[in-house]
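# Fold and geometry: a report
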Amino acid sequence: MATKLTSKRYQAEDYAEAQEVFFKNGWSDGLPVIPPTENRVADFLDYAGLAPEQVVGEVPERNRVLTAEKLAINAVMAGCLPEYMPVLVAAVEAITDPKFKFNHLASLGSPWPLIIVNGPIAKQIELNSGIYLFGPGHRPNLTIARGISLLLRNCAEAKAEGIQRGQWGNTLRFMGCVAENEETPWTPLHVMLGHQREESTVTVLSCYPGVPFHITCWLLQPEHMLKTICETLPYINGSQWNEGVHTLFFGPHQVEAFVKEGWTKESVRQYIIDNTKSSIAELKRRQAWAVQSEEGFREELLEIEPGDEDKYVYLFKDHGEYNRFLVRLTSIADRWIHDLFVVVGGGNAGQRAIATSPYGMSTNPVIKLVKTKQ
Amino acid sequence: MPIEFLDPTADAPSGKNRLAPRLGSLDSKTIGVLSNGRPNVDFVLDRLTAKLEERHHVKIVRTMKPWIGNIAPKEIFDQLRSSCDAVITGVGD
């Protein structure tokens, strides 16, 4: 395929000097990059069957268009292989889908998308779903996450020098691409979200920093694990009562323990949705219960009153009369989505489940099909 | 060995965004204010709008984004565009 690339060209004497060009111009995320030569970039576009000028995503609020050429350039820089391109394209389509509400990525809370890959593509590109899942060691996991991060940095102002006001930053920009382990009897995430098992998909959902958040379950017993999770999940984001779509990851050995007692992924999910709650007294102890201003910010934290220990709020359900102490009133009508995604992954030994904290009010998860050569 | 490589950045297309014509004066104009809803933003905007009213006898149209993390909805932009001569907005905390 003849591929005409229109990006400006730069020259350097050698590889080392090329690195300095990237660092000096602010095009790097702090690590060295693979210089995106014309041949390398063309390989990516040829593999995916995409014309360089093809629009992969648009960010109208930043007046930006993300082309296949720019995605390929940043993917090369990240260290991706051409065969990752279909996953990269699906991730960009998801992140620029209006339902994801791209602009929230600028927020003070440093949200960033977790990218979950399902279906046959994961094994084809050797995307890790197992041990050390959220750590370094697997090329596709890190370079896909990094490729998306570099693209948004260089083409959509997602950087501190641009339109990114995150207080602490988010390591998902390096580690935030994982595959689900689909070898257990549990229903894969994409099937639960309405797709066929044999389809490959990318699901993105915005998370607060701190991923992965450990929930230690000392006993490999379903009842113990479920009770621990239901007690812990409301508080993984400090005094902020989380609204939105949480994820929970279980290891395959934990899934096996559930399956032995007849628990499916669907029944585990439903149990957690039905039973994750907090007393008002505990919310007050954790500084999460307050009178709110018109803008929805906490003006006055409230003291525990008699009876508060026996009144409850459920994390995954409408809070009814208690809304006004927990959530921003003007936002309710338009973004009341509570859900729980359960995913299988990680090592097959260990006592921890993993949770992510949703950037709830400002965004929605999006799932897209991975398309092979177009 | 010399290397040639491609620019990874993309700018906004030029020419699409232009500055609106400037008002010659603020006197007696209708000024829209779009609050981003952060804590204490009213502290700043109350004082700013009071000064404008005092000095230029403006009419103020006050609006606020429903949620801090997202762009204001089209209805708010339409309201500001159709009813105001100029708009003040900003980012802050």
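Further up the page is the structure itself.
The rules we used
Residues numbered from 1 in each chain as written. Chains lettered and ligands numbered in written order. Predicted model: local features only at pLDDT ≥ 70, side-chain atom pairs only at ≥ 80, totals over all residues. Heavy atoms only, no water. Contact = heavy atoms within 4.5 Å. Buried area = accessible area lost by both parts, 1.4 Å probe. Salt bridge = Lys/Arg side-chain N within 4 Å of Asp/Glu carboxyl O. Polar contact = N/O pair within 3.5 Å; in protein donor to acceptor, adjacent residues only side chain to side chain. Helix = DSSP H or I, 4+ residues; strand = E, 2+ residues; numbered from the N terminus. Nonpolar A, V, L, I, M, F, W, Y, C, P; charged D, E, K, R; others polar. Pairing = 2+ DSSP bridges. Buried < 20%, exposed > 50% of the residue type's maximum accessible area, 1.4 Å probe, protein only. Arc of directions from axis to C-beta. Axes fitted to C-alpha atoms, helices over the stretch in contact; angles between N-to-C directions. Right-handed = clockwise from strand over helix to strand, strands pointing away. Parallel < 35°, antiparallel > 145°, perpendicular 65-115°, else oblique. Left-handed = near helix turned anticlockwise from the far one by under 90°. Phe/Tyr/Trp six-rings, centres within 6.5 Å; stacked < 30°, edge-to-face > 60°. Lys NZ or Arg CZ within 6 Å of the ring centre and 35° of its normal.

Take the interface of chain B and chain A next. Taken together, the 28 residues of chain B in the interface contact 42 residues of chain A. With both sides pooled, the region where chain B packs onto chain A buries about 3100 Å², and carbon together with sulfur makes up 58% of that total. Per-residue buried area on chain B facing chain A is highest for B:Phe5, B:Leu6 and B:Pro8; these three make up 27% of the total on that side. On inspection of chain B and its partner chain A, the count reaches one salt bridge. A salt bridge links A:Arg9 to B:Glu4, with the nearest nitrogen and oxygen atoms 3.6 Å apart. Seen at the junction of chain B and chain A, the total is 11 residue pairs in polar contact (both at pLDDT 80 or more). Here the element with the most residues in the side of chain B that touches chain A is strand β1 (residues 3–6) of chain B; it accounts for four residues. The residue inventory of the side of chain B that touches chain A, partitioned by class, reads 15 nonpolar, five polar and eight charged. Summarising the sheet, strand β1 (residues 9–12) of chain A and β1(B) pair through four bridges and their orientation is antiparallel.

Those residues of helix α1 (residues 15–25) of chain A that sit buried are A:Ala18, A:Gln19, A:Val21 and A:Phe22. Buried residues of α1(A), seen end-on, are gathered within an arc of 155° and therefore sit on one face of the element. The exposed set on the far side of α1(A), more than 90 degrees from its buried face, consists of A:Ala16, A:Glu20 and A:Lys24. Packed against the buried residues of α1(A) are β1 and α3 (68–78) of chain A together with β1 of chain B. At the N-terminal boundary of α1(A), the capping side chain belongs to A:Asp14, with an oxygen 3.3 Å from the backbone nitrogen of A:Ala16.

Once that is clear, we can look at the sheet that holds strand β7 (residues 213–216) of chain A. Residue and element names in this part refer to chain A. The sheet built from four strands is open, its strands ordered β7-β14-β8-β13 with mixed pairing. Since the sheet does not close on itself, it has two edges, and those belong to β7 and β13 (339–344), each with one partner. Recorded for the sheet is a direction-independent mean angle of 25° between the axes of neighbouring strands. In this sheet, β13 lies alongside strand β8 (residues 245–250) in parallel orientation, the contact comprising six bridges. Bridged to His246 within β13 is Leu340. Its contacts with the sheet put helix α10 (residues 252–260) on β8, β13 and β14 (352–356), and the angle it makes with β8 is roughly 90°.

Residue and element names in this part refer to chain A. If you trace the backbone, Lys99 turns up in the loop between α4 (85–95) and β4 (112–118). Exposure remark for Lys99: the relative accessible area of 47% places this residue in the partly exposed category. Taking the C-alpha atoms as reference points, Lys99 and Tyr132, 33 residues apart in sequence, are found 31 Å from one another. Those residues in contact with Lys99 that lie beyond four places of it in its chain are Thr363, Asn364 and Val366.

Let us look at the sheet that holds strand β5 (residues 177–179) of chain A. Residues and elements named next belong to chain A. If you walk across this open sheet you meet the four strands as β5-β4-β6-β15, and the pairing is mixed. Looking at strand neighbours, the two that pair on one side only are β5 and β15 (366–369), the edges of this open sheet. The average angle at which neighbouring strand axes cross in this sheet is 25°, direction not considered. Pairing of strand β6 (residues 201–207) with β15 involves four bridges; the strand directions are antiparallel.

Let us look at the pairing of strand β2 (residues 30–35) of chain B. Residue and element names in this part refer to chain B. Of all six residues in β2, six are buried, a share of seventy percent or more. Here β2 shows a buried face lined by Thr30, Gly32 and Leu34 and a second buried face lined by Ile31, Val33 and Ser35. Across six bridges, β2 lies against strand β3 (residues 59–64) in parallel orientation. Paired with Val33 across the two strands is Arg62, which belongs to β3. Regarding the hand of the β-α-β motif, the stretch spanning β2, helix α1 (residues 41–56) and β3 is right-handed. Examined bridge by bridge, β2 and strand β4 (residues 86–89) share four bridges and lie parallel to one another. Across the sheet, residue Val33 finds its bridge partner in β4, namely Ile88.

All right, on to the packing of α4(A) against helix α6 (residues 139–155) of chain A then. Residue and element names in this part refer to chain A. As a packed pair, α4 and α6 sit with axes 10 Å apart at the nearest point and diverge in direction by 50°. The pairing of α4 with α6 is recorded here as oblique in orientation. Crossing of α4 over α6 shows right-handed handedness. Contacts between α4 and α6 pair Val87, Leu88, Ala91, Val92 and Ile95 from the former with Ile144, Ile148, Leu151 and Leu152 from the latter. Of the residues belonging to the contact of α4 with α6, the class tally is nine nonpolar, no polar and no charged.

Evaluated as defined, the whole model comprises 13 aromatic pairs over all chains. Between A:Tyr10 and B:Phe5, the ring centres sit 6.3 Å apart and the planes meet at 15°, which makes this aromatic pair stacked. Here A:Tyr10, found in strand β1, pairs with B:Phe5, found in strand β1, and the two come from separate chains. Among the residues examined, B:Phe5 registers a relative accessible area of 0% and is labelled buried. Ring centres of A:Phe134 and A:Phe249 lie 5.4 Å apart, and the angle between their planes is 80°; on these two criteria the pair is classed as edge-to-face. One end of the pair, A:Phe134, is in the loop between α5 (121–124) and α6; the other, A:Phe249, is in strand β8, with 115 residues separating them in the sequence. In terms of burial, A:Phe134 and A:Phe249 fall into one category: buried. Pairwise contacts between aromatic rings join A:Trp186, A:Phe250, A:Phe258, A:Trp263 and A:Tyr271 into one cluster. Its guanidinium or amino end placed over the ring of A:Tyr235, A:Arg286 lies 3.8 Å from that ring's centre, counting from NZ or CZ.

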